[in-house]
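Secondary and tertiary structure notes
The lines below spell out each chain.
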Amino acid sequence: MNIAKTPVWDLPVRLFHWALVALVGFSWWSGEQGEMWLKYHFWSGYAILTLVIFRVLWGFWGSHYARFKQFLRGPQTVFKTLPELFSPAAMPVLGHNPVAGWMVLALLVVLLVQTATGLFANDDIMWEGPLYPLVSKALSDRLTGIHEFNFGVLGGLVGIHIAAILWHRLRKGERLVSAMLSGYQAHLPAVPVPAWVSRWRALVLLLCAALIVFGILNLRAPL
Ligand code: HEM
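Analysis parameters
- Chains are numbered independently. Their residues run from 1 in the order of the written sequence.
- Only residues with pLDDT of at least 70 get local features here, since the model is predicted, and only at 80 or more are side-chain atom pairs given and counted; chain-wide, interface and lining totals rely on the full set of residues.
- In DSSP terms, a helix is any run of H or I states spanning at least four residues, a strand is any run of E spanning at least two, and both are numbered starting from the N terminus.
- What counts as a contact is two residues whose backbone-derived C-beta atoms lie within 7 Å of each other.
- When buried Ala, Val, Leu, Ile, Met, Phe, Trp, Tyr and Cys residues are joined through C-beta atoms within 7 Å, the set is termed a nonpolar core.
- Every C-beta atom is placed from the backbone, and the number of other C-beta atoms within 10 Å of a residue's own sets its class: buried at 20 or more, exposed at 12 or fewer, partly exposed in between.
- By convention here, the C-beta atom is placed from the backbone, and a residue is near a molecule or strand when that atom is within 6 Å of it.
- Note that Gly is not counted as nonpolar here; it falls among the polar residues with everything else outside the nonpolar set of Ala, Val, Leu, Ile, Met, Phe, Trp, Tyr, Cys and Pro and the charged set of Asp, Glu, Lys and Arg.
- Lines fitted to C-alpha atoms define the axes here, with helix axes fitted over just the stretch in contact, and angles between the N-to-C directions of these axes take values from 0 to 180 degrees.
- Here the angle decides the label: under 35 degrees means roughly parallel, over 145 means roughly antiparallel, 65 to 115 means roughly perpendicular, and every other value means oblique.
- Should the near helix be turned anticlockwise from the far one by less than a right angle, the crossing is termed left-handed; should it be turned clockwise, right-handed.
- Expected helix span is given by 1.5 Å per residue-to-residue step, counting one fewer step than there are residues.

**A short note on the overall build of the chain**
- Secondary structure summary: the chain contains eight helices and two strands in total.
- For the chain, long-range pairs separated by at least 24 residues make up 71% of all intrachain contacts whose partners lie at least 6 apart in sequence.

**Some words on the nonpolar core**
- By size, the foremost hydrophobic cluster in this structure holds 21 residues, and its most contacted members are Ile-48, Val-52, Ile-53, Phe-54, Leu-205 and Ala-209.
- Mapped onto this core, the elements with two or more residues apiece are helix H1 (11-33), helix H2 (37-61) and helix H8 (199-217).
- For this core, the element with the most residues is H2, which contributes seven residues.
- For Phe-54, the residues in contact, after removing those within four places along its chain, are Phe-16, Leu-205, Leu-206 and Ala-209.

**Some thoughts on the environment of Leu-111**
- Within the secondary structure, Leu-111 is located in helix H5 (residues 98-120).
- Sequence spacing of Leu-111 and Leu-49 is 62 residues, and the spatial spacing of their C-alpha atoms is 7.7 Å.
- Look past the residues within four positions of Leu-111 in its chain and what remains in contact with it is Ile-48, Val-52 and Leu-154.

**So, the site of the ligand**
- In the vicinity of the ligand, 20 residues are found, and the nearest of them are Val-24, His-96, Ala-100, Leu-176 and Met-180.
- Of all elements in the fold, only H1, H5, helix H6 (137-172) and helix H7 (176-182) reach the threshold of two or more residues within the shell around the ligand.
- Considering only residue class, the shell around the ligand consists of 16 nonpolar, three polar and one charged.

**A short note on the environment of Leu-181**
- Residue placement: Leu-181 occurs in helix H7.
- Residue Leu-181 is classed as partly exposed on the basis of its 13 C-beta neighbours within 10 Å.
- Placed 166 residues apart in sequence, Leu-181 and Leu-15 show a C-alpha to C-alpha distance of 9.0 Å.

**Some details on the packing of helix H4 (residues 75-85) against H5**
- H5 packs onto H4 with a crossing angle of 115° between their chain directions and a minimal axis gap of 8 Å. Between H4 and H5, the crossing angle belongs to the class labelled roughly perpendicular. Every residue of H5 that contacts H4 at Thr-77, Val-78, Thr-81, Leu-82 and Leu-85 is listed here: Pro-98, Val-99 and Trp-102.
- When the residues that make up the contact of H4 with H5 are grouped by side-chain class, the tally is six nonpolar, two polar and no charged.

**Structural notes on unusual backbone geometry**
- For Glu-35, which is not a glycine, the phi torsion comes out positive at approximately 45°.
- Within the secondary structure, Glu-35 sits in the loop between H1 and H2.
- We classify Glu-35 as exposed; it has 11 C-beta atoms within 10 Å.
- Of note, Asp-124 is a non-glycine position whose phi angle comes to about 65°, a positive value.

**Let's talk about the packing of H2 against H5**
- In contact at an axis separation of 9 Å, H2 and H5 are set at 140° when each is read in the N-to-C sense. Judged by the inter-axis angle, H2 sits oblique to H5. Taken as a pair, H2 and H5 cross one another with a handedness that is left-handed. In contact with Gly-45, Ile-48, Leu-49, Val-52, Arg-55 and Val-56 of H2, H5 contributes Leu-108, Leu-111, Leu-112, Thr-115 and Gly-118.
- Across the contact of H2 with H5, the residue classes break down as seven nonpolar, three polar and one charged.

**Observations regarding H5**
- The first and last C-alpha atoms of H5 sit 35 Å apart over 23 residues, in line with the 33 Å expected at 1.5 Å per residue.
- Within H5 the residues assigned to the buried category are Pro-98, Gly-101, Leu-111, Gln-114, Thr-115, Thr-117, Gly-118, Leu-119 and Phe-120.
- Tucked into the core, H5 has its buried residues touching H2, helix H3 (68-71), H4 and H6.

Below you can see the structure in the form of structure tokens.
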């Protein structure tokens with residue numbers, strides 16, 4: 001029987017994912033460098049916030065496998081799938097499996113906390129997030145602490161995320177990274193799946209996300 005190549009990850013999801021990986025890496029690096037690099041750290045954070053807001057919107061109005069209602073399942077389904085994840089014989093799941101679905105949500109929430117707290121953070125020397133003037137110094141210090149702690153949480157989740165992908169590759173032979181690059185997932189038997197939605201819709205939603213971030217950044221200047 002031929003293994004079918006099924007369209008799963010549309011271009012917006014793939015671009016979102018690999019841009020996010022690059023930006024999170026750059027944000028970490030520029031944050032470590034400090035000083036003048038913090039300016040680019042800020043810009044990278046605004047870009048991540050835009051991407052995450054876009055991904056939330058795409059979770060409601062995007063293609064079938066990008067939608068939250070497709071991959072966020074109740075606890076019963078999650079627990080029922082757990083043994084299958086550890087069984088090399090189990091059939092691959094199209095899209096995010098029920099456990100991975102909640103991991104996606106966790107990653108998005110942690111990225112939102114990371115970027116939101118960064119907006120109010122300060123480094124006690126010369127850099128302050130754009131919304132620093134809206135809060136007291138004490139609150140900014142607490143949010144800076146959360147920004148630093150949460151980066152560890154993000155690192156932990158990313159570690160689990162990559163370990164899970166390696167597990168799928170080595171124990172189950174699933175090429176999830178190829179799917180996130182090409183958009184097509186190998187699946188047997190072939191199943192009919194809805195077509196990807198228009199890329200124009202993605203562009204409009206990306207613009208909406210950018211406008212939301214622009215609005216947030218200008219909160220400090222009262223109208
Ligand atoms: C900063 C590091 C990373 C972050 C924040 C991250 C975040 C995410 C997010 C949010 C998704 C869900 C995609 C969506 O539905 O829109 C995802 C999926 C995925 N990521 Fe990553 N990722 C990271 C690194 C990586 C790396 C290094 C790889 C490759 C080794 C990778 C491979 C994948 C794959 C294959 C999927 C699809 C998983 C599935 O089939 O359920 N990710 N990632």
